Every structure is written in C-alpha cells, then in structure tokens.
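Survey of secondary and tertiary structure
Chain by chain, the residues:
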Protein chains: 2
Amino acid sequence: MTSPLMARAIQLSIENVRSGQGGPFGAVVAKDGKIIAEGVNQVTSTNDPTAHAEIVAIREACKKLGRFELTDCELYSSCEPCPMCLGAIYWARLSLVYFANVAADASKIGFDDSFIYREIAQPHAQRQIPMIQIMREEALSAFRAWNEKPDKIPY
Amino acid sequence: MTSPLMARAIQLSIENVRSGQGGPFGAVVAKDGKIIAEGVNQVTSTNDPTAHAEIVAIREACKKLGRFELTDCELYSSCEPCPMCLGAIYWARLSLVYFANVAADASKIGFDDSFIYREIAQPHAQRQIPMIQIMREEALSAFRAWNEKPDKIPY
C-alpha cells in the first residue's frame, strides 16, 4: 500500500536530514484525508527531548483544531513511534497510526528505544533510573481537592 | 522521607486545581538540590494532550540549561509518571525520579493510564488504535541519508 500522506511524512523526514533540525523523522496528522499538521524531529535544534516528529505534529494538530482530542484524526509517521510518542497517541485518542520504518531500522542508525520498553516493563526498584515513592499522604490532598471540583475534566 | 522539592511539586498540584489550568499534577526538575524548572498539567487549558506536569517541567529545564539532556538532574512529580512521561524521562536521561501519588490513586479520580501499559504490551494487530506498517522501502532512504551525515547526533 502506498499513501500520499505517508509520502509527505517521508519527504519531511528526508528534508529534516538536509536542514539539520534533528533526526530523520517526519509525521503528519490527517483529518478527512487531508493534512492538518506536520512535524519533524527537533530534539537537538530546539533542546527539547520531547520534540519527536509525532509529538510536534500532535501538538500542532490540537492547536489548529482548538481541542485536546484527535479522535477523528489519523497519524502518519515515517517511523514506528517510541513509547513516549505512543503515550501521546493514546492521550490524544488518535483513531489510527500508519508507520513506515520499523523500530529495528531506527536502532541500526543509532536511535534505539528498546531500552525504554525494557525499563517500563521492570518493577520500579530494578530500573536504571530509580523511581522512589515518597509523601503520598500529602499529595493525596490535591486529588481530594480535585474530586470536589464541580467542573472537572479528567485529562 | 519528606523533601522540600516534593513539597513544592505537591503545592503546584494543589494550586493547579484552584487555578483550573488542568489536572491535579505538579512536577519540578532539580539540579544540585535546587529547583530549575516547574510544571503543572495544562492539557485542557492549552489544548495540548502532551502537557503533563512532567513534560512541561522537562521542556522548561532543557530550555533553561540550553541542552536536551538532564543527566545531572532529578525529577520530583506529585504523581507516578504515565508511559508518555516515562518515555520523556528516559530520553532526557534524568538521573532519578521521586513521585508521591501512585498510579492507582490517579485512576480512582479518573486519570487512568493502565490502558496505555496494556496496549503497549500488545502486538500491533491487537491494539485498540490500529498500527499499520506501509512504505518501509521509501522511508529507509531518509535513514540512509542520515547515515552519510558527518555531524549527526542520534537523539
């Protein structure tokens, strides 16, 4: 299967190598078959470790539509999304994800996300980045205050 | 264990309920025991599904330090990070994560991230958001171009 929307995501990934904004990754968000937002990896050029192509495109699409859900949209990414981007995809409630390069291809050129999957699957105590739980009782007061709000949107 | 840095993250989470910017979540990034960036959940107020407290704080810390790695920094979050935020934590290479409320506490007030863990653990074909792989050969050209770059930073 070929797709002009994926072709655009791939074109963005190629242009991003030339422009030097960041890694060879591009993504577009489409609604009703039309592109409404584009993104490229901008991690190194903007000093933003969250600026993966998918996140940039999702943020831009939400900004354009004026909402935080993309249930009627599809994502086309030039590469299989990493766990961070998958998380964003689920929070944004996209309906469908197309991707081209697979994670193993990215790993071969130095972009390896498999350690994140392995880490997330480990119990806290066994992770490379220690996760330490403290002060739960104090923090619960914010949750109680939230529960009492009449107009809360849990997002 | 109590910590003034976590106390600040919790204070931010409480203030965020009052201000109505978003969910009851706050986070700070600290370096050498001092806060260098703060974040609160701003998903609903800024129409940005990626604006979790941890992501906001990480982006701000990187901006302040002028780099995309936080290897010498620690994160204090008022709640256990979701998979998206964990991904960002790993890409930013934070050294340590403290959290207060646990994921089950957040789930009880409507913020449930367990479906994302379940989804990520599934093969592509069995996910709620279908993941479809197309046009790999075309996309690989961007990776080949990347490989030929002399000054590449794989991030």
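Residues numbered from 1 in each chain as written. Chains lettered and ligands numbered in written order. Predicted model: local features only at pLDDT ≥ 70, side-chain atom pairs only at ≥ 80, totals over all residues. Heavy atoms only, no water.

**Quick notes on the overall build of chain A**
Of the regular secondary structure elements, chain A holds seven helices and five strands. Reading chain A from its N end, one meets helices and strands in the order α-β-β-α-α-β-α-β-α-α-β-α. Overall size of chain A, expressed as C-alpha extent along the three principal axes, is 50 × 40 × 30 Å. With 155 residues in all, chain A has 56% of them scored as buried. Element-wise, carbon and sulfur atoms account for 51% of the exposed surface of chain A, whose accessible area totals about 6300 Å². Chain A carries 16 positive and 18 negative side-chain charges, and their two centres are separated by 3 Å. (Helix = DSSP H or I, 4+ residues; strand = E, 2+ residues; numbered from the N terminus. Buried < 20%, exposed > 50% of the residue type's maximum accessible area, 1.4 Å probe, protein only. Areas by Shrake-Rupley, 256 points an atom, 1.4 Å probe, with all protein chains shown as cover. Lys, Arg positive; Asp, Glu negative; His and termini not counted. Charge placed at Lys NZ, Arg CZ, Asp CG, Glu CD.)

**Notes on the interface of chain A and chain B**
If you look at the interface, chain A gives 90 residues, while chain B gives 90 residues. Roughly 7900 Å² is buried in total at the junction of chain A and chain B, and carbon and sulfur atoms are behind 72% of that figure. On the chain A side of the interface with chain B, the three residues burying the most area are Y90, W91 and F143 of chain A, jointly 11% of the side's total. Two residues, R59 of chain B and D48 of chain A, come together in a salt bridge whose shortest N-O distance is 2.8 Å. (Contact = heavy atoms within 4.5 Å. Buried area = accessible area lost by both parts, 1.4 Å probe. Salt bridge = Lys/Arg side-chain N within 4 Å of Asp/Glu carboxyl O.)

**Remarks on unusual backbone geometry**
For R93 of chain A, which is not a glycine, the phi torsion comes out positive at approximately 55°. Position of R93 of chain A relative to the elements: it lies in the loop between α4 (83–91) and β4 (96–101). The backbone phi angle of N47 of chain B is positive, close to 50°, even though this residue is not glycine. Positionally, N47 of chain B belongs in the loop between α2 (43–46) and α3 (53–65).

**Overview of helix α3 (residues 53–65) of chain A**
For α3 of chain A, built from 13 residues, the straight-helix expectation of 18 Å at 1.5 Å per residue is met to within 8% by its first-to-last C-alpha distance of 18 Å. Of the positions making up α3 of chain A, those classed as buried are A53, E54, I55, V56, A57, I58, A61 and C62 of chain A. (Expected span 1.5 Å × (residues − 1).)

**Details of the side chain of S78 of chain A**
Residue position: S78 of chain A is located in strand β3 (residues 73–79). Of the residues examined, S78 of chain A reaches a relative accessible area of 0% and is grouped as buried. In this structure, S78 of chain A is in contact with M6, A9, I10, S13, P24, F25, G26, A100 and N101 of chain A together with A139 of chain B, ignoring residues within four places of it in sequence.

**Section: the pairing of strand β3 (residues 73–79) of chain B**
Residue and element names in this part refer to chain B. Summarising burial for β3: six of the seven residues are buried, a large majority. As paired elements, strand β1 (residues 26–31) and β3 share five bridges and run antiparallel to each other. Bridging from a neighbouring strand, V29 pairs with L75 of β3. Viewed along the sheet, the connection from β3 through helix α4 (residues 83–91) into strand β4 (residues 96–101) turns out right-handed. (Pairing = 2+ DSSP bridges. Right-handed = clockwise from strand over helix to strand, strands pointing away.)

**Quick look at the sheet that holds β3 of chain B**
Read from one edge of the open sheet, five strands run β5(A)-β4(B)-β3(B)-β1(B)-β2(B), paired in mixed fashion. Bordering the open sheet on either side are β5 (131–133) of chain A together with β2 (34–40) of chain B, each of which pairs with just one other strand. Looking at each pair of strands side by side, their axes are set apart by 20° on average, direction ignored. The sheet contact formed by β3 of chain B and β4 of chain B spans five bridges and is parallel. Looking at β4 of chain B, one finds that C79 of chain B is bridged to N101 of chain B. Against the sheet, helix α7 (residues 136–147) of chain A touches β5 of chain A together with β3 and β4 of chain B, its axis set at about 60° to β4 of chain B. (Axes fitted to C-alpha atoms, helices over the stretch in contact; angles between N-to-C directions.)

**What to know about the relation of the copies chain A and chain B**
Two chain copies here: they are related by a rotation about an axis and a translation along the same axis. By a simple turn and slide, chain A fits onto chain B: the slide is 0.0 Å along the axis, the RMSD is 0.0 Å, and the turn is 180°. Interpreted geometrically, this transformation is the action of a two-fold axis. Among all residues of chain A, the one whose C-alpha sits closest to the rotation axis is M84 of chain A, at a distance of 2.0 Å. Looking at the interface residues of chain A, 100% of them are also at the interface in chain B, so both copies use one shared face. (Least-squares fit on C-alpha atoms with pLDDT ≥ 70 in both.)

**Points about the packing of helix α1 (residues 4–19) of chain A against helix α7 (residues 136–147) of chain B**
At a minimum axis separation of 9 Å, α1 of chain A and α7 of chain B run at an interaxial angle of 5°. The pairing of α1 of chain A with α7 of chain B is recorded here as roughly parallel in orientation. In this structure, α1 of chain A uses I10, S13, I14 and V17 of chain A to contact α7 of chain B, whose residues at the interface are E138, A139, S141, A142, A145 and W146 of chain B. By residue class, the composition of the contact of α1 of chain A with α7 of chain B is seven nonpolar, two polar and one charged. (Parallel < 35°, antiparallel > 145°, perpendicular 65-115°, else oblique. Nonpolar A, V, L, I, M, F, W, Y, C, P; charged D, E, K, R; others polar.)

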